[in-house]
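Here are the chains, one letter per residue:
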Amino acid sequence: MTDVANPEQMLFTSTAQAFLEKEVPLSRVRQLHAEDIAFDAGWWGRAAELGWASLLVPEELGGGSPSGDGVADLALLAEQAGHTVAPGPLHPVSIVLAGLVESPDGHEELIESLVAGETVASWAAYEPKRPFGALQSVTGVGTTATRIEAGYRIDGVKDRVEAGDQAGTVLVVAVCDGRLRQFVVPTDATGVTVSPQKSVDLVKRYARVQFDGVEVDESAVVGTAEETPAIIERQRQVALVLQCAEIVGILDAVLTMTNQWLSDRHSFGRPLASYQALKHRAADMKMWFEAARATTIGAVAAVAERSQEAPKLVSVAKAYVAERAPVMLQDCVQLHGGIGVTWEHDLHLYLRRVALYRALYGSPEDHHRAVYALSRKTRAAEEIGA
């Protein structure tokens, strides 16, 4: 996805690629699906030993990244995961850590446990029948946190919590005293009910988590009321660049697979790749792929630098990448002919993951509207300044 010039970053990327190809090839993904398993906890522990969960965590908290740019390294890792549509809680753990490291006081043990791969945590942000965009408004969040003598009482329901049935902790977005706050809640706490939810993906599982009078102490809070909106925005941005980077990896793998098929498959004594109509479709997909990669690189850089343009650029990336990727996957299915529409072909594993990511954390249509709104806001500010 990006130019990897740093030797440590090159080693990290090649190590991750070799690990994924050995531990979770596509055949293993199918096997996990057949066994009704999302991911193996032991496998995630070995991945954490390679530093997968430490990339967004500063060294003083036990983390670190090969290049010193944790967001860029994480994006490269997500891209490699896309090549094999890998299972595992890379996304939810990274999103939670992105929030915790912004205000780590009182959460050092949890951060250490997540970095070591000893536990899994997930972000409980979505609510039933509510879009993800509602999270940015107090009126869009139904889960409440009420102050009590011992701390807080949390009531409400969250759904689409990734790996929720395997998570030991969830980071819950709730409204407290009319303001958005986040709370670290153990999933084995009294009053927490976790109900598994399946998705269109073979190994990505989600959960509905209900909170009925769940009591937590003061140490469960992440950040102050003033800090919380910025922390949630940081988590949102990390979630989106992870998605886009993984989709870029998926497109890279699928286009390589399809181009090889077109070269190997012959019709009337000629390879399919020699036919002009198919050349045009392949050229279009190459152009779309490079645009997807470029918009993702821009978003990753903006998030890494904490640029003021980051909110807009992550929406630009999600709007474009998630809109074009399903079209490209469907084209690849068609270019494979009859074999492409069979369950046995691996194209379906990639198509399912892309279909899932298109819907999560805002659809392309949602992000097109966000880009428009942010662009209008920027133009208005420039006009006032002029």
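The protein goes by Acyl-CoA dehydrogenase in an unreviewed UniProt entry, where it is assigned to Mycolicibacterium peregrinum. Entered under Sequence similarities (unreviewed entry) in the UniProt record, the comment concerning the protein runs "Belongs to the acyl-CoA dehydrogenase family." In the Cofactor (unreviewed entry) part of its UniProt record, the protein is described as follows: "FAD".

Draft legend 1. Molecular detail of the packing of helix 5 (residues 90-100) against helix 6 (residues 108-115). Axis separation between helix 5 and helix 6 bottoms out at 11 Å; the angle between their running directions is 150 degrees. Put simply, helix 5 runs roughly antiparallel to helix 6. The interaxial crossing formed by helix 5 with helix 6 has left-handed handedness. Here helix 5 contributes V93, V96, L97 and L100 to the contact with helix 6, which in turn contributes L110, I111 and L114.

Draft legend 2. Expanded view of the packing of aromatic side chains. Taken as a whole and assessed by the stated rule, the structure comprises 11 aromatic pairs. Residues F132 and Y361 carry aromatic rings whose centres are separated by 5.0 Å and whose planes lie at 75 degrees to one another, so their mutual orientation is edge-to-face. One end of the pair, F132, is in the loop between strand 1 (121-124) and strand 2 (144-148); the other, Y361, is in the loop between helix 10 (347-359) and helix 11 (364-385), with 229 residues separating them in the sequence. Taken individually, F132 and Y361 each receive the classification buried, so the pair is uniform in this respect.

Draft legend 3. Structural context of the UniProt feature "domain: Acyl-CoA dehydrogenase/oxidase N-terminal" (unreviewed entry) in the protein. Under the local residue numbering, the UniProt record ascribes the feature "domain: Acyl-CoA dehydrogenase/oxidase N-terminal" (unreviewed entry) to residues 7-87. The span residues 7-87 is 60% helix and 0% strand, and its two end C-alpha atoms sit 27 Å from each other.

Draft legend 4. Examining helix 9 (residues 310-335) more closely. The terminal C-alpha atoms of helix 9 lie 36 Å apart, and with 26 residues this matches the ideal 38 Å at 1.5 Å per residue to within 8%. After helix 9 finishes, the residue G337 shows a positive phi value of roughly 75 degrees.

Draft legend 5. Representation of the packing of helix 1 (residues 7-23) against helix 4 (residues 70-83). One can describe the packing of helix 1 onto helix 4 by two numbers: an axis separation of 9 Å at closest approach and a directional angle of 25 degrees. Our classification of the angle between helix 1 and helix 4 gives roughly parallel. The two elements helix 1 and helix 4 meet at a crossing, and its hand is right-handed. Along its contact with helix 1, which presents Q9, F12, T13, A16, Q17 and L20, the element helix 4 presents A72, D73, L76, L77, Q80 and A81. For the contact of helix 1 with helix 4, the class distribution of residues is seven nonpolar, four polar and one charged.

Draft legend 6. Looking closely at the UniProt feature "domain: Acyl-CoA dehydrogenase/oxidase C-terminal" (unreviewed entry) in the protein. In the numbering used here, UniProt assigns the feature "domain: Acyl-CoA dehydrogenase/oxidase C-terminal" (unreviewed entry) to residues 243-366. What you have in residues 243-366 is 76% helix and 3% strand, and the ends, taken at the C-alpha atoms, are 15 Å apart.

Draft legend 7. Molecular detail of the pattern of salt bridges. Under the counting rule described, the total for this entry stands at 21 salt bridges. D346 is paired through a salt bridge with R30; the nearest N and O atoms lie 3.2 Å apart. Taken together, the residues D346 in the loop between helix 9 and helix 10 and R30 in helix 2 (residues 26-34) connect sequence positions 316 residues apart. E162 is paired through a salt bridge with K204; the nearest N and O atoms lie 2.7 Å apart. Of this pair, E162 sits in strand 3 (residues 151-162) while K204 is found in the loop between strand 6 (192-197) and strand 7 (206-216), placing the two residues 42 residues apart along the sequence. Residue E162 shares its accessibility class with K204, and that shared class is buried.

What counts and what doesn't
Each residue is numbered by its place in its chain's sequence as written, counting from 1. For a predicted model such as this one, the threshold for reporting local features is a pLDDT of at least 70, and the threshold for listing and counting side-chain atom pairs is 80 or more; totals across whole chains, interfaces and linings nevertheless cover every residue. Side-chain figures throughout are based on the complete set of non-hydrogen atoms in the structure, without hydrogens or water. UniProt positions are given in the numbering used here, feature names are shortened, and annotations may be inferred rather than shown by experiment. Between the N-to-C directions of two axes lies an angle of 0 to 180 degrees, each axis being a line fitted to C-alpha atoms and, for a helix, fitted only over the stretch in contact. Helix and strand definitions follow DSSP, with helices as H or I runs of at least four residues and strands as E runs of at least two, each counted in order from the N terminus. For classification, angles of less than 35 degrees are called roughly parallel, those exceeding 145 degrees roughly antiparallel, those between 65 and 115 degrees roughly perpendicular, and all remaining angles oblique. By convention the crossing between two helices is left-handed if the near helix lies anticlockwise of the far one by an angle smaller than a right angle, and right-handed if it lies clockwise. Note on contacts: a residue pair is in contact if any heavy atoms of the two residues lie within 4.5 Å. Whether two aromatic rings pair depends on their centres lying within 6.5 Å, for rings of Phe, Tyr and Trp, where Trp uses its six-membered ring; planes under 30 degrees apart make the pair stacked, over 60 edge-to-face, and the rest tilted. Buried, partly exposed and exposed residues are distinguished by accessible area as a fraction of the type maximum, computed with a 1.4 Å probe on protein chains only: under 20%, between the cut-offs, and over 50%, respectively. The span you would expect from a helix comes to 1.5 Å times its residue count less one. In this classification, Asp, Glu, Lys and Arg are treated as charged, Ala, Val, Leu, Ile, Met, Phe, Trp, Tyr, Cys and Pro as nonpolar, and every other residue, Gly included, as polar. Should a side-chain nitrogen of Lys or Arg be within 4 Å of a carboxyl oxygen of Asp or Glu, the pair is scored as a salt bridge.

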